[in-house]
Amino acid sequence: MTERWPLKRLMTEVVGSGTKSAEDMTREQAAEAMRRIFDGDPDPITLGAFWLANRWKHNTAEELAAFTDEMCERAEYATPDADPVDCGANYDGKSRTAILGVAAGVVAAGAGTPVVTHSGDRVPTQKQDAYKHVLDELGVATELTPRDSADMVDDTGFGFYYQPAFNPAVDDLFDRRDQMGVRTFVNTVETLANPAGASVHLGSFYHLAFAKKVVDTFEQSEFHDLDRVIMFQGMEGYDDIRPGYTKVADWSANGDFEDYEIETATYGMDFEEADLQVDDVAADSARLTEDVVAGDRTDHWYDAVALNAAVRIYAGGDADSLDDGLAAARTAIGDGSAAAVLDDLRAF
């Protein structure tokens, strides 16, 4: 008979004894825990304790891979004909600095690199502005079926997948997550859903060790089969490059893992993070997106969007270097290709 591991037993015998003495779960234990969570099995108090214990002990890549695979088995995937760059930013959003990923994705698409973003709507814990809210402000449809999202990628070069539509199992956890008051491992694994089945994932990190853990998670996942993962130090946990000296992690499926540091000023992004702060994240990010892709700005906002687009173009394999990606991004803005993508998105 297969041994059973309800969350209360995992708390007592494995993860719940404290930050120094807690043990890691096996893949089988972690997978069963995630199944039970999705099935609504644990008592709310037990679930909260389990989430908090895992936050304290820090999850291994093996555990995260098991959680991710259980989530992906329940998600509805719709793969476009194009192979986009998957941008998996924190779903609970940003509160201080502009979201540059919509503008950067539109510019990258204008340069010929398809891009996919995904988020929910006011996801716990922060419940701040995310990709959806910038697109809403721009008049772009966001509450789409996964099939419509895939069609958006093929029709425009840029796609948005809406969590309640493609990942309802995680969306169903909203109320319980909202009661936690802190992030849990669900905040990590939901960004790894890759709803378009892309072969390249772009993400961000605070510390390099987290980037390595995400790479290891993808490697140990039995569901995902990626060719490349690129991550960089982002602002507020989002996939917007932090100005200054920024670390980058670059992994490919042949096993190569490289980490290096770039100075953003070398690529025109010569200013401070404070220069990217806004009063209304969604509305101001949308306005700046419009201005930059239309070619109406040549200031630091233009430089920030161009470099973030360059990273997406480089990640997608459409540029051999960041310098080449930057040139392609600037061309897409200058010749109207980026503006045409935004027009297509609004018309979709």
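To be clear, the structure that these remarks concern was listed above.
The notes below deal with the structure included here. As the structure is a computational prediction, the values presented were derived from the model and not from experiment.

There is a patch of like negative charges on the surface, built from Asp81, Asp154, Asp155, Asp343 and Asp344. Contributing elements (two or more residues each) for the negative patch: α7 (146-156) and α16 (337-347). Its location among the elements puts Asp343 in helix α16.

What follows covers the pattern of salt bridges. Under the defined criterion, the tally for this structure stands at 26 salt bridges. A salt bridge links Asp291 to Arg297, with the nearest nitrogen and oxygen atoms 3.4 Å apart. Taken together, the salt bridges that share partners define one network made up of Glu3, Arg9 and Glu13.

With that settled, the discussion passes to the packing of aromatic side chains. Evaluation of the coordinates by the stated rule reveals five aromatic pairs. Their ring planes at 50° and their centres at 5.4 Å tell us that Tyr131 and Tyr238 sit as a pair that is tilted. Here Tyr131, found in helix α6 (residues 131-137), pairs with Tyr238, found in the loop between β5 (228-233) and β6 (245-252); they are 107 residues apart in sequence, far enough to count as distant. Comparing Tyr131 with Tyr238, the two get one shared label, buried. Among the aromatic residues, those joined into a cluster by ring pairs are Phe50, Phe67 and Phe185. Of note, Lys132 hangs over the ring of Tyr162, and the distance from its end group to the ring centre comes to 5.0 Å.

Taken N-terminus to C-terminus, the directions of helix α4 (residues 61-74) and helix α12 (residues 208-220) make an angle of 55°; their axes are 8 Å apart at the nearest point. Considered as vectors, α4 and α12 are oriented oblique to each other. Every pair of crossing elements has a handedness; the one defined by α4 and α12 is right-handed. Note on element contacts: α12 touches α4 through Lys213, Asp216, Thr217 and Gln220, opposite Ala61, Glu62, Leu64, Ala65 and Thr68. Looking at the contact of α4 with α12 residue by residue, the class counts come to three nonpolar, three polar and three charged.

Ranked by size, the top nonpolar core spans 66 residues in total, and within it Val106 and Val107 carry the most contacts. Counting residues per element, this core draws most heavily on helix α14 (residues 300-315), at 12 residues. In this structure Val107 touches Val293, Val305, Ala309, Ala329, Ala332, Ile333 and Ala338, once residues within four positions along its chain are discounted. Core analysis: the next-biggest nonpolar cluster, separate from the first, contains 39 residues, Ala31, Phe67, Val170 and Ala193 among them.

Turning to its location among the elements, Asp136 is positioned in helix α6. What makes Asp136 partly exposed here is its relative accessible area of 35%. In this structure the C-alpha to C-alpha distance between Asp136 and Ala286, which are 150 residues apart in sequence, comes to 8.7 Å.

Thresholds, definitions, all that
Residues numbered from 1 in each chain as written. Predicted model: local features only at pLDDT ≥ 70, side-chain atom pairs only at ≥ 80, totals over all residues. Heavy atoms only, no water. Patch = residues over 30% accessible without salt bridge, like charges linked within 9 Å, V, L, I, M, F, W, Y side chains within 5 Å. Areas by Shrake-Rupley, 256 points an atom, 1.4 Å probe, with all protein chains shown as cover. Salt bridge = Lys/Arg side-chain N within 4 Å of Asp/Glu carboxyl O. Lys, Arg positive; Asp, Glu negative; His and termini not counted. Charge placed at Lys NZ, Arg CZ, Asp CG, Glu CD. Helix = DSSP H or I, 4+ residues; strand = E, 2+ residues; numbered from the N terminus. Phe/Tyr/Trp six-rings, centres within 6.5 Å; stacked < 30°, edge-to-face > 60°. Buried < 20%, exposed > 50% of the residue type's maximum accessible area, 1.4 Å probe, protein only. Lys NZ or Arg CZ within 6 Å of the ring centre and 35° of its normal. Axes fitted to C-alpha atoms, helices over the stretch in contact; angles between N-to-C directions. Parallel < 35°, antiparallel > 145°, perpendicular 65-115°, else oblique. Left-handed = near helix turned anticlockwise from the far one by under 90°. Contact = heavy atoms within 4.5 Å. Nonpolar A, V, L, I, M, F, W, Y, C, P; charged D, E, K, R; others polar. Core = buried A, V, L, I, M, F, W, Y, C linked by side-chain atoms within 4.5 Å.

In short, geometric facts, not functional conclusions.
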